[in-house]
Amino acid sequence: MSSYQDIDPQIIERAKHDQEAFIQLFQHYADRTLRFLLVHTRDKQLAEDLTQETFITVMKKLYTYRVTDAPFSSWLFQIALNHLRSYMRVKSHRSTENIDQLFHLSTRADHTQWIDFFSALERLHPDDQFLLTLKYIDDMPNTEIATTLGISPNACAVRIHRALNELHTYL
Amino acid sequence: MNPEDQFNTLRERVSQIDTTTSRARIERNLREAWEQHRAPRSRFAWTRFLVAPLSIGALSFATMLMTSTSQLNYEPQAILTTDSSQTTSYSLVDPTVGGSDVAEKSVITNNLFDGGTYTENGEQKSVLSSRASLSITTKSDLLSGIQSLRSYAEAHNGVISSISAYTSYGSFEAILPLSELQGFEAQLKSLDTTHSFKTLTYYVENISAQVSRLDDSLKTLRSKLDSTNTQLNSTALSASERTQLEEQKTSLQNNIDEASTERADIVATGETIDLSVTINAFQSFWSGYYYQYDHSTLWGTIQYESCKAVHTLITSASGIITFFIWCVVYSVILIPLYYAGRKVVRKIKVGKR
């Protein structure tokens, strides 16, 4: 189960026309979005910019959102992924210069280990990278990941398994 | 190390990252963006893009209407009297402005005694020339209606002057004995399936002066004839003079005959009426001919007002459609210009920041 609670649908409805409700919505999802993007970009400023872009898009398009069985976070992460994809199209290789400071790495061995890990992760297909980060960093359940990426839950489970195996071979 | 363990470690590390500053910065920027992007939050946000083209479209439409006002002002008129000094015209389109319902009740006459009188057998008499325009609307076939009119006129000893038929109306003109008018009208009303019989005009003119003038002329001619006869009876005339007088007598006699015939015709005119009947084909409710309904009755008023409302609606709708066509035409030019302009403005704003 996800460690995160989805937001009250009434707040989403209010956020369509009320600034404070929208800020409440932002506060609810800001950490998740920011941390998810941080893992992919490894750049705090860039992650911050992408998070801001994501929420500006949410602000503009929130009137189109209809409350369904799927959690709001699926819709939000779809937007975040679109911004991330756009960024990755421009810059396929991400910097690893800041990982020591960013992820509080203290030893040289630790540094090498994480460089290898991020290099291996980058070798995966972008969608597989998203699958694994949503699964293990955001702790999102498979059904929600499947909704976010537009695939079936079974396919999601299979792809996570394969992506992990592939990552394992690269390490 | 197992990738799953590495992910778990990474999650722990990531969760330790302090995001307070970033969140505060993003929140501040989002509040600013909220103010800027307030408008697009509506489902109908796209409508704001139509404001400029619609405004220009509306202005163009108004200009178009103003320039064509002179053409729109035309309205067919019915002239109810031939006397130019007393000419009164009513609209045939809308009876409420003083048209056929007024004409129906009014009998338009000149001062009948202005024309004077003439003397016949020691009695003062007058001759009145009558003309009338009648109108009916029929739901039956127009041509068969006109054929019926023809047979009615002939049955009432009428003389047909002209018959014409068009798509939506027909015209029938005849001269009828005045005494037969009522009988003819009764038969005419049998054709009037919509109860829309109307006497558009009824015109009476005193033409006694013409008879009086002819009487004077006849008197003069007869006295000349008597004088010629007296001269012919004289024995002291040469052959050539007699021939000349005979010719003069023949000429005078011819003139007297002509004047007498003319007088008889004029006097006979007083016993006939020039009748003009317009027979209209009934138009459907949706075609907007609301003036064909008799709004002197309750049901007629309901039909009249309903039809008028529908007609107005159709006219307005056509105006609105025309308006939108103009808007579309202008939008084709304006919307790309609007977007280009907006892009430039945004670039300038970004540059200033």
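Residues numbered from 1 in each chain as written. Chains lettered and ligands numbered in written order. Predicted model: local features only at pLDDT ≥ 70, side-chain atom pairs only at ≥ 80, totals over all residues. Heavy atoms only, no water.

Visitor: Report on the overall build of chain A, specifying residues and quantitative values.
Guide: Helix and strand content of chain A: 9 helices and 0 strands. Tracing chain A from N to C terminus, the helices and strands come up as α-α-α-α-α-α-α-α-α. Out of the 171 residues belonging to chain A, those deemed buried represent 51%. Of all intrachain contacts in chain A linking residues separated by at least 6 positions in sequence, the fraction that spans at least 24 positions is 62%. Here chain A displays about 8000 Å² of accessible surface, and carbon together with sulfur accounts for 49% of that area. (Helix = DSSP H or I, 4+ residues; strand = E, 2+ residues; numbered from the N terminus. Buried < 20%, exposed > 50% of the residue type's maximum accessible area, 1.4 Å probe, protein only. Contact = heavy atoms within 4.5 Å. Areas by Shrake-Rupley, 256 points an atom, 1.4 Å probe, with all protein chains shown as cover.)

Visitor: For the pairing of strand S9 (residues 198-206) of chain B, give the residues involved together with the corresponding values.
Guide: Residue and element names in this part refer to chain B. Most of S9 is tucked away, with 7 of its 9 residues classed as buried. With 8 bridges joining them, strand S6 (residues 128-138) and S9 adopt antiparallel strand pairing. Counterpart to Ser130 in the pairing with S9 is Val204. (Pairing = 2+ DSSP bridges.)

Visitor: Explain the pattern of salt bridges residue by residue, including any values.
Guide: Enumeration according to the criterion identifies 15 salt bridges over all chains in this entry. Across the pair Lys16 of chain A and Glu13 of chain A runs a salt bridge, and its minimum N-O distance is 3.1 Å. Take Glu13 of chain A: its relative accessible area is 36%, and that puts it in the partly exposed class. With its nearest N and O atoms 3.8 Å apart, the salt bridge here joins Glu154 of chain B to Arg150 of chain B. (Salt bridge = Lys/Arg side-chain N within 4 Å of Asp/Glu carboxyl O.)

Visitor: Go over the nonpolar core, please, and point to the residues and values.
Guide: With 63 residues, the main nonpolar core has Phe22, Val58, Leu62, Phe72 and Leu132 of chain A together with Phe7 and Leu30 of chain B as its most contacted residues. With 12 residues, the top contributor of residues to this core is helix H2 (residues 19-41) of chain A. In this structure, Leu132 of chain A is in contact with Leu121, Leu124, Ile137, Ile160, Ala163, Leu164 and Leu167 of chain A together with Phe7 of chain B, ignoring residues within four places of it in sequence. The next biggest cluster of nonpolar side chains, apart from the first, holds 21 residues, and it includes Leu142, Phe172, Leu181 and Phe184 of chain B. (Core = buried A, V, L, I, M, F, W, Y, C linked by side-chain atoms within 4.5 Å.)

Visitor: Could you give an account of the interface of chain B and chain A, with specific residues and numbers?
Guide: Between chain B and chain A, the contact holds 32 residues from the first and 45 residues from the second. Of the roughly 3900 Å² buried between chain B and chain A, counting both surfaces, carbon and sulfur atoms make up 63%. Broken down residue by residue, the surface that chain B buries against chain A is led by Phe7, Leu30 and Trp34 of chain B, which jointly contribute 19%. Seen at the junction of chain B and chain A, the total is 4 salt bridges. Between Arg31 of chain B and Glu20 of chain A there is a salt bridge, with its nearest N and O atoms 2.7 Å apart. At the junction of chain B and chain A, the tally comes to 14 residue pairs in polar contact (both at pLDDT 80 or more). Every element with two or more residues in the side of chain B that touches chain A is listed here: helix H1 (3-16) and helix H2 (20-36) of chain B. (Buried area = accessible area lost by both parts, 1.4 Å probe. Polar contact = N/O pair within 3.5 Å; in protein donor to acceptor, adjacent residues only side chain to side chain.)

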